[in-house]
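Chain and residue survey
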Amino acid sequence: MSIDYLRVSVTDRCNLRCIYCNPLGDCGFIDRREILRFEEIHRIVGLFAECGISKVRLTGGEPLVRKNIVVLVEKLAATDGIKELSMTTNGVLLAQMADELKAAGLNRVNISIDSVERENYKRITGFELLEKVTKGIYKAIEVGLTPVKINTVVLRQINEQDIPALAKLSIDMPIAVRFIEYCPTDKNAVPNKFFVPNSRVRRIIENRFGSLAAAMMVKANGPAVYFKIKDSSGCVGFISGKSTFFCQSCNRLRLTSDGKVRPCLYSAHHYDVKELIRGGAGDERILTLLKKIIIEKHTYTKLNSFKEEFSMRNVGG
Ligand code: SAM
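Below, the structure is looked at part by part. (Residues numbered from 1 in each chain as written. Predicted model: local features only at pLDDT ≥ 70, side-chain atom pairs only at ≥ 80, totals over all residues. Heavy atoms only, no water.)

Regarding the pattern of salt bridges
Under the defined criterion, the tally for this structure stands at 20 salt bridges. Across the salt bridge formed by E40 and R37, the nearest N and O atoms sit 3.2 Å from each other. Judged by its relative accessible area of 5%, E40 is buried. R37 gets classed as partly exposed once you look at its relative accessible area, which sits at 43%. The network of salt bridges with shared partners includes R37, E39, E40 and R278. (Salt bridge = Lys/Arg side-chain N within 4 Å of Asp/Glu carboxyl O. Buried < 20%, exposed > 50% of the residue type's maximum accessible area, 1.4 Å probe, protein only.)

Right, here's the structure in full:
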């Protein structure tokens with residue numbers, strides 16, 4: 001499996017307080033001086049492109065709260081070797097920024113939404129912003145940040161009842177609604193007992209809409225497995241990171257907001273690229289490290305990683 005995909009967390013800040021990701025809100029942030037500057041991200045991405053990375057996804061934290069993010073999008077989209085630039089966003093600021101993101105060269109977006117019911121959305125995220133996110137989804141389709149994918153983390157007794165309404169979005173709109181298994185990351189987030197296996201999510205969808213048919217998804221870069229509800233415009237997907245094992249086909253690396261490359265989401269192992277850059281290293285030296293990371297990538301897997309707390313908003317979900 002060639003390593004061609006890099007996720008870049010551009011900030012650990014977020015404008016939502018999801019109970020499973022950022023429950024404490026505005027605290028415990030990384031010192032701003034430690035966060036990678038745009039020119040540093042651009043340099044790292046450019047060097048990674050020389051090593052075969054051709055797809056980049058911006059994430060966070062919430063990438064749209066990073067000041068002047070459009071400038072970074074423009075730089076990365078114009079980088080030699082980068083063929084696909086996408087973003088994972090909570091969608092709150094998307095309706096107002098979609099036009100300029102598209103014009104700057106962003107290809108598409110994944111939008112996270114865990115409930116389409118106003119009160120429940122607020123309960124999960126801490127804010128009454130469902131309407132803004134919904135507008136963001138429509139706007140993303142309108143300006144062509146497509147195919148739009150929706151990310152939903154399902155939590156027991158929190159949003160299981162929302163599964164049919166979320167799946168129905170894929171009937172009405174040409175989007176992929178992906179159900180992501182919860183991965184407990186730190187002691188402040190909701191505990192493991194809220195975990196719902198995707199086998200159960202699928203059963204709920206099939207009970208409501210009938211059997212799912214296997215589907216292909218264009219621009220499918222990851223571990224999601226796709227299906228279609230009969231007569232739907234879009235599709236549903238399942239990302240079962242907890243109940244299945246797909247490390248052997250993992251093609252991604254992660255660049256944290258403070259400049260560390262992590263070969264595996266489940267492993268605490270990392271390589272400090274920022275240290276090299278700020279220490280004045282030349283391109284050749286950095287390239288040597290990036291090539292080593294790519295060669296060693298598959299030695300780090302879910303199975304051989306020791307458990308350690310980590311922050312999804314820093315590593316980049
Ligand atoms: N703020 C952006 C957003 O909301 O999409 C990007 C960052 S967020 C960390 C990226 C994705 O990770 C979201 O779809 C979120 O639902 C998912 N996520 C966060 N914490 C998670 C966890 N503990 N288990 C599974 N998925 C998680």
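Now, onward.
What to know about helix α9 (residues 283-296)
The end-to-end C-alpha separation of α9 is 20 Å, in line with the 20 Å expected for 14 residues at 1.5 Å each. By the burial criterion, the buried members of α9 are I286, L287, L289, L290, I293 and I294. Each buried residue of α9 sits inside an arc of 160° when the element is viewed along its axis, so together they form one side. For α9, the exposed residues set more than 90 degrees away from the buried face come down to E284, R285, T288 and I295. In this structure, the buried side of α9 is in contact with α1 (38-50), β10 (252-255), β11 (260-262), β12 (271-272) and α8 (273-278). (Helix = DSSP H or I, 4+ residues; strand = E, 2+ residues; numbered from the N terminus. Expected span 1.5 Å × (residues − 1). Arc of directions from axis to C-beta. Contact = heavy atoms within 4.5 Å.)

Regarding the pairing of strand β4 (residues 108-112)
By the criterion of burial, β4 is predominantly enclosed, with four of the five residues buried. Inspection of the sheet shows strand β3 (residues 84-89) paired to β4 by four bridges, in the parallel sense. Bridging across to β4, T89 finds its partner in I111. Where β4 meets strand β5 (residues 149-154), three bridges bridge the pair, whose relative direction is parallel. Opposite N110, over in β5, you have K149 as the bridge partner. (Pairing = 2+ DSSP bridges.)

Focus on helix α2 (residues 69-77)
The α-helix advances 3.6 residues per turn, and as a result positions three or four apart in sequence lie on the same side. Among all positions in α2, only I69, V70, L72, V73 and L76 are buried. On an axial view of α2, the arc spanned by its buried residues comes to 155°, and they lie on one face. Along its buried surface, α2 packs onto α1, β2 (55-59), β3 and α3 (94-104).

A closer look at the environment of F246
Checked against the element boundaries, F246 lands in the loop between β9 (235-239) and β10. F246 sits 57 residues away from L303 along the chain, and the two C-alpha atoms are 10 Å apart.

Some details on the layout of surface pockets
Of the volumes computed, that of the second largest pocket is approximately 280 Å³. Lining the second largest pocket are 13 residues; nearest its centre among them are T11, R32, I35, R66 and K67. (1 Å grid on protein atoms, 1.4 Å probe; cavity = no way out; pocket = protein on both sides within 12 Å on 5 of 7 lines; lining within 4 Å. Points joined across faces, edges and corners; volume = space filled by probe spheres on them.)

A word on the packing of α2 against α3
For any two helices packed against each other, the geometry is given by the interaxial angle and the distance between the axes. α3 packs onto α2 with a crossing angle of 25° between their chain directions and a minimal axis gap of 8 Å. Compared by their axis directions, α2 and α3 come out roughly parallel. Seen from above, α2 lies across α3 with right-handed handedness. Residues I69, V70, V73, E74 and A77 of α2 lie in contact with α3, whose contacting residues are M97, E100, L101 and A104. A class-by-class count of the residues in the contact of α2 with α3 yields seven nonpolar, no polar and two charged. (Axes fitted to C-alpha atoms, helices over the stretch in contact; angles between N-to-C directions. Parallel < 35°, antiparallel > 145°, perpendicular 65-115°, else oblique. Left-handed = near helix turned anticlockwise from the far one by under 90°. Nonpolar A, V, L, I, M, F, W, Y, C, P; charged D, E, K, R; others polar.)

Considerations on the environment of V190
Looking at where V190 falls in the secondary structure, it is placed in the loop between β6 (176-181) and α7 (198-209). With relative accessibility at 12%, the residue V190 sits in the buried group. Along the primary structure V190 and C21 are separated by 169 residues, whereas in three dimensions their C-alpha atoms are 8.5 Å apart. In contact with V190, not counting residues within four places along its chain, are I19, Y20, L155 and Y182.

A short note on the site of the ligand
The full set close to the ligand counts 19 residues, and Y20, G61, E62, S112 and C183 are the nearest of them. Backbone polar atom of T89 to an oxygen atom of the ligand: 3.4 Å apart, as the coordinates give it. Separating an oxygen atom of the ligand from a side-chain N or O atom of N151 is a distance of 3.3 Å. Within the complex, 94% of the 550 Å² of free accessible area of the ligand lies under protein. (Near = heavy atom within 4 Å. Polar contact = N/O pair within 3.5 Å; in protein donor to acceptor, adjacent residues only side chain to side chain. Areas by Shrake-Rupley, 256 points an atom, 1.4 Å probe, with all protein chains shown as cover.)

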